[in-house]
Amino acid sequence: MMYAMMLMIAYVAVVLARRDLVESKVLLGLLIVVNVGLSLGVAFGLCGYLGIPFTQMSMMCIFIIMGVGIDDMFILTDAFDREPVSLAVEDRVGNALGEVGGSITLTSVTDFLAFSIGSMIDLPAVSYFCVTAAIAVLAVFIVQITFFAACLALDARRILSNRYDVLPCILRGSAEVYVERGVENDEKEVNMRELKPKGTPSTIAKFADFLVRPWVSGSVILAFAIVGTVMATSGLTTLKKGIKITDFLPEGSYVGTYFAKRDLYFGEIDTIEVITKATIDPSSPQDRALLESTLSEIEALDFTVGWSSCWYNSWSEWHTTAYSSALDGSTSMSDARASFDAWLATDDAKEKFTNDIILDESVITTSKLQMLFLFSTMDTDKAVVEMYATREAADPSGSGFALAFNQNFLWMERFITIDSLTVNTLLGALAGVFVICLFFLGLSSSLLVCSVVVLINLNIVGLMALWDVRLNVASLVILILSVGFSVDYSAHIAEGYQVAAAKGLPAEAAVKVSVTEMGVSVMNGGVSTLLAVVALSASKSEGFVVLFKMFLGMVTFGLLHGVVLLPVLLLLTGKARDRWCTKAE
């Protein structure tokens, strides 16, 4: 965690650093730590006050807030740098907030809504995480437009007063004043600096020019269509469900060592507990026959090994030895009663089965039997089938005679509904995102942004299938995250296009302006998010490696779709709009 934060901070410092030690903004970039600290303090503090438990998943909020916070910081800083230096500092901050405040608000609100919908999932760990993340996203938004905006103004005044970055207490020579070209200072000639858009080098402008060429736009659509179809088909047809408990155990865990030794030397053998619910009269041939039928059904399952503790088999064997006859339907009720009482009084029965049989006078109200079986931990679909087969075997008549249980059934219960839960949660989050986008982007851009979000998630699901990352609670959380981050990578570009188009620019020019002004900021935010988890790729814990794979796919597909595909889609729909408007005139 510490290494990840250091990488992100170092990246921000490098991006904002300048050769001119006065114009450099490293100190401003380091304030992201303060932003994140304030936001997490609000989120964790408010959750603690509300009684929401702090879980291991809650730690992922640090990555989320670092990613969202840095993304918004780059967007706001670059917008501020695009303002003429001749304006008053407060005017530059106000104009910057006016220019990109809409897209920052849009992404923050959609992230908040996505996590709020995720909090409705009927899985406590996921719900707690989503509540914490929703509060943290809202907190970092408030911190960005208040605290960071104020810090941006203070840093601008530091530059105006010619003070060094990182060491603002030291003045470099005399103070310089930024004025429009052609105006001079009364005391001496002024060092004039025209605005150079920070973070928008000529390469991004050339990329924008290249992207809007007809053959390039067509190639982009074709390439994304082919890759998207392959990834979506792979994900929807071959994605597996499941999780290994040991994946998320810390290195050197006692429990992890136990499972490793067990699997190495004894295989994945576990125990099914069968609890009889119905009253059993040991002297009744009908009750004994029903119990024998249940035991036979369980023994017939192809994944069962044998009984590790079965009081009925022990009694039956003792009866055969003591009475020289089998315990069956021909045994009289009096003999069966005498036999059971005599067996129950033996030292062996007292030692092994005292706690397995609950008696009420002469009848058994509840009893417990234990069967060894081979559990399919690596094939969740097969394990679910085995769970249902075990339950049916324990109660073949459906009368509620007995119940079968194993601790792994807790996981299986989740995987039974994980498909519908994933689809419903993502569709709910997407619907919420669409409604919010309508208020900021209009119908056409909202549809495009939501389409891009869907494509990003389908590609991530395909990547999960190719990398053998299984669908489970942990990966569901990342898919919910990807909805929010996908909007971040797309909404800024769409908002920039809308602003440019509203000024009367044709579609091609509006796309160029949007990519040129927002592209680098979005990419910086994506790269910084990826740096937060790159250290996890070397982890010895499989769970953290999976987390890295998911974040890598989320950032990679998010940036490609947001900075490459979305501008092309905006261009095509914009040209169609321009042609329609021309005909209408």
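An account of the accompanying structure is given in this report. Small disclaimer: the values here were computed from a predicted structure and weren't measured. (Residues numbered from 1 in each chain as written. Predicted model: local features only at pLDDT ≥ 70, side-chain atom pairs only at ≥ 80, totals over all residues. Heavy atoms only, no water.)

### Description of the packing of helix 4 (residues 89-118) against helix 5 (residues 124-160)
For the pair helix 4 and helix 5, interaxial distance at closest approach is 9 Å and the crossing angle is 170 degrees. The angle between helix 4 and helix 5 falls in the class roughly antiparallel. (Axes fitted to C-alpha atoms, helices over the stretch in contact; angles between N-to-C directions. Helix = DSSP H or I, 4+ residues; strand = E, 2+ residues; numbered from the N terminus. Parallel < 35°, antiparallel > 145°, perpendicular 65-115°, else oblique.)

### Some details on the environment of Lys 241
With respect to the helices and strands, Lys 241 occurs in the loop between helix 7 (214-238) and helix 8 (254-265). What makes Lys 241 buried here is its relative accessible area of 14%. Between the alpha carbons of Lys 241 and Val 473 there is a distance of 9.8 Å; along the sequence they are 232 residues apart. Contact partners of Lys 241, with chain neighbours within four places excluded, come to Thr 380, Asp 381, Phe 415, Ile 418, Asp 419, Arg 470 and Leu 471. (Buried < 20%, exposed > 50% of the residue type's maximum accessible area, 1.4 Å probe, protein only. Contact = heavy atoms within 4.5 Å.)

### Regarding a nonpolar patch on the surface
On the surface, Val 435, Leu 438, Phe 439, Phe 440, Leu 443 and Leu 447 cluster together to form a nonpolar patch covering roughly 580 Å² of accessible area. The set of elements that each furnish at least two residues to the nonpolar patch consists of helix 14 (409-441) and helix 15 (443-466). With 4 residues, helix 14 is the single largest residue contributor to the nonpolar patch. Here Phe 440 lies in helix 14. (Patch = residues over 30% accessible without salt bridge, like charges linked within 9 Å, V, L, I, M, F, W, Y side chains within 5 Å. Areas by Shrake-Rupley, 256 points an atom, 1.4 Å probe, with all protein chains shown as cover. Salt bridge = Lys/Arg side-chain N within 4 Å of Asp/Glu carboxyl O.)

### Some remarks on the packing of aromatic side chains
Taken as a whole and assessed by the stated rule, the structure comprises 12 aromatic pairs. Between the aromatic rings of Trp 318 and Tyr 323, the centroid separation amounts to 6.5 Å while the plane-to-plane angle is 65 degrees, which identifies the pairing as edge-to-face. Looking at Trp 318, the relative accessible area reads 27%, which means it is partly exposed. Geometrically, the ring pair formed by Phe 340 and Trp 343 is tilted, given 5.9 Å between the ring centres and 40 degrees between the ring planes. Of this pair, Phe 340 and Trp 343 both sit in helix 11 (residues 333-344), 3 residues apart, which is roughly one turn of that helix. Grouping residues by exposure puts Phe 340 and Trp 343 together as buried. A cation sits over an aromatic face here: Arg 92 above Phe 80, 4.1 Å from the ring centre. (Phe/Tyr/Trp six-rings, centres within 6.5 Å; stacked < 30°, edge-to-face > 60°. Lys NZ or Arg CZ within 6 Å of the ring centre and 35° of its normal.)

Take it as geometry only, folks, not as evidence of what the structure does.
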